[in-house]
Amino acid sequence: MTAHCMEQQNGFKTPGERNKRFLSEPNYEKWNGLMTVKPASAGTRLFWEGEAAGKLYYIVSGRVKTKKTTEDGKDLILSVLGTGDLIGEFGAYGDTTHSYCAEVFEDAEIGIVQERDLEALLRRDGEFAVEFMKWIGLMNRIVQSKFRDLLLYGKPGALASTLIRMSNTYGSPDKDGIRIDMRMTNSDMAELIGTTRESVNRMLSAMKDEGTISVSDNRIVIRRIDDLRRICNCPSFPACPKEICRL
């Protein structure tokens, strides 16, 4: 599935429209003016954990996963980000290093913004600064909501939450429910929730036996999403907007 199709399916008709909900057209053009766009092939590292920061990375097209390595050497996937998302450390005092690494998940175009150039624009343009901080705030809320699900509801809750987020981000209607059009291995899902592939295998098998999910053409189909919501105590009011409840 192309990045453009993913945007359409979630109500964003063109790449970058997600940000236009936070940046007005003039400010979006100012943001574009800061970027140097470069191609990046799958498997490329944008930056490593512990590397000096100083740049922000904007996904023009494609997908990027952010990962953190634990003390015992295991990888934890923090996010799988797509068109219109922003990656990087910004706003800290003093010299900043990256607290995670970013790896291109599928061939992408990446816009690179120098922090010093962004800071200069923020100083001279208050309207842009307000809209940009709202954008940063949204990205922080996404991360916080993921850690909430991971820490509070155990591995079954974290997996259920991940499937819901995948359906919001990459789902399409199916005769049996919601088909997740993103190809992700059980090992990838294990890294998303901080467990083993074997544990994910067992939990997915139990969900299939209960009729909560099924598999068609190597794609997961969510048949009863309310079952997943109960497992992870998904709030009914106020419900998380899809801009927050996403992978």
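For every chain, the first residue of the written sequence is number 1, and numbering continues from 1 onward in sequence order. It should be noted that, the model being predicted, local features are given only for residues of pLDDT at least 70 and side-chain atom pairs only at 80 or more, the latter also being counted only at that level, while totals for whole chains, interfaces and linings use all residues. Computation of side-chain values: all heavy atoms of the structure, hydrogens and water removed.

**Q** Outline the packing of helix α6 (residues 154–170) against helix α8 (residues 197–209), listing residues and values.
**A** Helix axes are fitted only over the stretch in contact, all axes being lines through C-alpha atoms; the angle between N-to-C directions runs from 0 to 180 degrees. Every helix listed is a DSSP run of H or I at least four residues long, and every strand listed is a run of E at least two residues long, numbered separately from the N terminus. α8 packs onto α6 with a crossing angle of 70 degrees between their chain directions and a minimal axis gap of 11 Å. Regarding the angle of α6 to α8, the classification is roughly perpendicular. Regarding α6 and α8, the two cross each other, and that crossing is right-handed. Contacts from Lys155, Pro156, Leu159, Ala160 and Leu163 in α6 reach Met203, Leu204 and Met207 in α8. Classification convention: Asp, Glu, Lys, Arg as charged; Ala, Val, Leu, Ile, Met, Phe, Trp, Tyr, Cys, Pro as nonpolar; all other residues, Gly among them, as polar. For the contact of α6 with α8, the residue count by class is seven nonpolar, no polar and one charged. Each angle is binned into one of four classes, with values under 35 degrees roughly parallel, values over 145 roughly antiparallel, values of 65 to 115 roughly perpendicular, and all other values oblique. Left-handed describes a crossing whose near helix is turned anticlockwise from the far helix through less than a right angle; right-handed describes the clockwise counterpart. Pairs of residues are marked as contacts when any of their non-hydrogen atoms sit within 4.5 Å.

**Q** Can you tell me about the nonpolar core, naming the residues and giving the values?
**A** Nonpolar core, defined: a set of buried Ala, Val, Leu, Ile, Met, Phe, Trp, Tyr and Cys residues in which side-chain atoms within 4.5 Å join the residues together. In this scheme, a residue with accessible area under 20% of its type's maximum is buried, one over 50% is exposed, and one in between is partly exposed, where area comes from a 1.4 Å probe on protein chains only. Judged by nonpolar contacts, the single largest core of 35 residues is most densely connected at Trp31, Leu46, Ile87, Ile110, Leu118 and Phe132. When residues of this core are assigned to their parent elements, the largest contribution, eight residues, is made by helix α5 (residues 126–152). Ignoring sequence-local partners within four residues, the contact set of isoleucine 110 consists of Thr36, Val37, Lys38, Ala40, Leu46, Tyr57, Tyr58, Ile59, Val60 and Val64.

**Q** How would you summarise helix α4 (residues 115–124) if you had to cite specific residues and measurements?
**A** Here α4 has its buried residues at Glu115, Leu118, Leu121 and Leu122. Down the axis of α4, the buried set is contained in an arc of 125 degrees. They therefore lie on one face. Residues of α4 that are exposed and point over 90 degrees away from its buried face: Arg116, Arg123 and Arg124. For α4, the elements touching its buried residues are α3 (25–34), β3 (55–69), β6 (101–114) and α5. Starting at the helix axis, one direction is taken to each C-beta atom, and the arc is that of these directions.

**Q** An account of the pattern of salt bridges is needed here, citing residue identities and associated values.
**A** Counted as salt bridges are all cases of a side-chain nitrogen of Lys or Arg within 4 Å of a carboxyl oxygen of Asp or Glu. Applying the stated rule across the entire model yields 17 salt bridges. Between arginine 246 and aspartate 85 there is a salt bridge, and its shortest N-O distance comes to 2.5 Å. In this pair, arginine 246 is assigned in the segment after α9 (225–231) and aspartate 85 in the loop between β4 (75–81) and β5 (86–87), connecting sequence segments 161 residues apart. With a relative accessible area of 6%, arginine 246 lands in the buried category. Across the pair arginine 165 and aspartate 149 runs a salt bridge whose closest N-O atoms are separated by 2.9 Å. With arginine 165 in helix α6 and aspartate 149 in helix α5, the pair connects residues that are 16 residues apart, well separated along the chain. You can call arginine 165 buried: its relative accessible area is 4%.

**Q** An account of the pairing of strand β8 (residues 177–180) is requested, with residue identities and associated values reported.
**A** The rule for pairing is simple: two strands pair if DSSP sees at least two bridges between them. As judged from the four bridges shared by strand β7 (residues 171–174) and β8, these two strands associate in the antiparallel manner. Within β8, the position partnered with aspartate 174 by the bridge is glycine 177. Hairpin connection of β7 to β8: two residues between the antiparallel strands. For β8 and strand β10 (residues 219–222), the ladder comprises two bridges, and the chain directions are antiparallel. Residue pairing for β10: isoleucine 178 is matched across the bridge by isoleucine 222.

**Q** Got a sec to walk through unusual backbone geometry? Specific residues and values, please.
**A** Residues other than glycine seldom take positive phi values, yet aspartate 217 does so here, at roughly 55 degrees. For aspartate 217, a relative accessible area of 60% gives the class exposed. Phi is positive for asparagine 218, which is not a glycine, with a value near 60 degrees. Tracing the backbone through its elements, the reader meets asparagine 218 in the loop between β9 (213–216) and β10. On the accessibility criterion, asparagine 218 (62% relative accessible area) is exposed.

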